[in-house]
Amino acid sequence: MSQNQNNGMFGVMEKYLMTPLTKLSQTKLVRAIQSTGVTTIPFTIVGSMFLVFNILPTAIPGLTNIFEATFFRFSELYMIANKATMGVLALYFTIALGYHYTRIMIEDDPDLDLDPIYGATLALFGFVMTIPQIIWEDGYMKIVHVIEEETMIINGWSIGADGVSRFGSIGVFVGIIMAIIAVHIYKFCVEKNIIIKMPAAVPSGVANSFTALIPTFIVAFSVLIINALFVFLGTDIFQVIQLPFAFVTNLTGSWLGFMVILFLIHALWSVGVHGATIITSIINPILINNMALNASGQATETLAGEFWNAYTYPGGSGSTLLLTFIMATLCRSQQLKILGRSSSVPAIFNINEPVIFGVPMIYNPDMLIPFILAPMVAGSIAYWATELGFVQPIIALMPWPTPVGIGAFISTGDWRAIIVALICVLAAGLVYYPFIMRFDKKLYAEELEKAAKLAAEGSDEGEQALDDFFSLD
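Starting afresh in each chain, residues are numbered from 1 along the sequence in its written order. Predicted model: local features are reported for residues with pLDDT of at least 70 only, side-chain atom pairs are reported and counted for 80 or more only, and whole-chain, interface and lining totals are derived from all residues. Each side-chain value is worked out from all heavy atoms of the structure, with water and hydrogens disregarded.

Per an unreviewed UniProt entry, the protein is named Permease IIC component, and its organism is Aerococcus kribbianus. UniProt positions are given in the numbering used here, feature names are shortened, and annotations may be inferred rather than shown by experiment. What UniProt states about the protein under its Subcellular location (unreviewed entry) heading is, verbatim, "Cell membrane".

*Asks:* Can you walk me through the overall build of the protein in this structure?
*Replies:* Scanning the protein from terminus to terminus reveals 23 helices and six strands. For the protein, buried positions account for 49% of its 473 residues. Summed over its atoms, the accessible surface of the protein is roughly 22200 Å², and 67% of this surface lies on carbon and sulfur atoms. Labels follow the DSSP assignment, with helices taken as runs of H or I lasting at least four residues and strands as runs of E lasting at least two, numbered in each case from the N terminus. Three exposure classes are used, based on accessible area relative to the maximum for each residue type with a 1.4 Å probe and protein chains only: buried under 20%, partly exposed in between, and exposed over 50%. Note on areas: Shrake-Rupley with a 1.4 Å probe; residue coverage comes only from the protein chains shown.

*Asks:* Is there a simple way to think about the packing of aromatic side chains in this case?
*Replies:* Each pair of aromatic rings is reported with the distance of its centres and the angle of its planes. Whether two aromatic rings pair depends on their centres lying within 6.5 Å, for rings of Phe, Tyr and Trp, where Trp uses its six-membered ring; planes under 30 degrees apart make the pair stacked, over 60 edge-to-face, and the rest tilted. Throughout the structure, instances matching the rule amount to 17 aromatic pairs. Between Phe53 and Phe71 the ring centres are 4.9 Å apart and the planes differ by 80 degrees, which places this aromatic pair in the edge-to-face class. Highlighted residues: Phe53 in helix H2 (residues 28-54) and Phe71 in the loop between helix H4 (64-69) and helix H5 (75-78), separated in sequence by 18 residues. Overall, Phe53 belongs to the partly exposed group, its relative accessible area being 28%. With relative accessibility at 37%, the residue Phe71 sits in the partly exposed group.

*Asks:* Please clarify how the sheet that holds strand E3 (residues 146-147) should be interpreted in this entry.
*Replies:* Consider a sheet: its strands pair through backbone hydrogen bonds, and that pairing is either parallel or antiparallel. DSSP bridges decide pairing: two strands pair if at least two such bridges lie between them. Pairing is antiparallel in the open sheet, where four strands are placed in the order E3-E4-E5-E6. Edge positions in the sheet fall to E3 and strand E6 (163-164), since each of these pairs with one other strand and no more.

*Asks:* Would you explain the pairing of strand E5 (residues 157-160) in this entry?
*Replies:* The two faces of the sheet receive side chains in turn, since in a regular strand these alternate between them. In terms of strand pairing, strand E4 (residues 152-154) meets E5 through two bridges, oriented antiparallel. Residue pairing for E5: Ile154 is matched across the bridge by Trp157. Sheet analysis places E5 next to E6, joined by two bridges and oriented antiparallel. For Gly160, the partnering residue across the bridge sits in E6 and is Gly163. In this structure, the hairpin formed by E5 and E6 is closed by a connection of two residues.

Put into structure tokens, the structure is as follows:
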């Protein structure tokens, strides 16, 4: 492939892929959702760990009698930690998004007299107002009240195993919309001076609360109007809000959609953009929702939770774990051999920026194909292993630096996930092998030529370069 062809290929990717998605990643909302995802990590991981602990006997039958005699006596107590995290995930998400969205608006415009805590509480206020189920019957708005064997709606509040159903992951999408509405109303009121101003002598905390008073009224009336419109249409916002997310949800629900996601992530990386951050920040709410549905037994969604780090990205974006060991043991060029030795340990914990920027993977036509193809191969193996029932779907959120195999087991509670994860590592390594060896041959020749040239010039640096060069073989 000629240099002009290389430049043309990367130029097209930069123009039609990198630029639009980079602009999207820089929007206030996407940045806020990224920050929100980070904020909720401690709660989702802790809640998941209690669930994994509780299902250990399912994965290891030999533990059943021990757990029945000990831990299961207290499961109703310690599983509260799971219900108080995954069971009310929408509350955490809504509060954090309202806070971060307001904070980012202030960072971008320091003259805005906003307080992030009121962005958070207004978002929560709007969200909670959407929870009760209401119908129009006999000329009156009526709160739904149904208590049956499979349905329990008490005074409009649907109750499930973890408490209020709509506080769980099912409410995340509505929480996003309510946070957007509430924060923009708050911002609009402050910008247009539709607020109650207090004298300068009043403490800022008190002044800020009065500043948020009129926005709170407007949020209340706005959500009431939204609720009323949907009631007259015979539905509610929870049912309607699924429609805009249907495309992305369907994308995560099929193998082809999964491949599109992986391609976008790694195509972005190949032109220097952190593809994982951009793409996964958009779909993570869906993956968390899928994980919660799997954990509750309501569904068996294949793509859920940290599917990426459990199976698809052994070693980090690009599935580079085995590649680092190939570089360290089989490559002959100093660049790749030294890089492999120094990056193999971080790669065990899914940290591979040294590889991405050191090989490099970005703007490198020699490694473009395997960098995109390896995670697609690894992801396909894991996808179909889950889809066909060889391993259980993901039900818990693993810490992303968890080593390969261990993370898959934590995510699923299924020991067979360890085998699948190791097969994914091997498959990704096999994809890389011919490409990295060809690239190594090219670099080795260049390094040998450079070292020989320096040595021929009679410089001490050249002699040392040759000594160092061959000492690595």
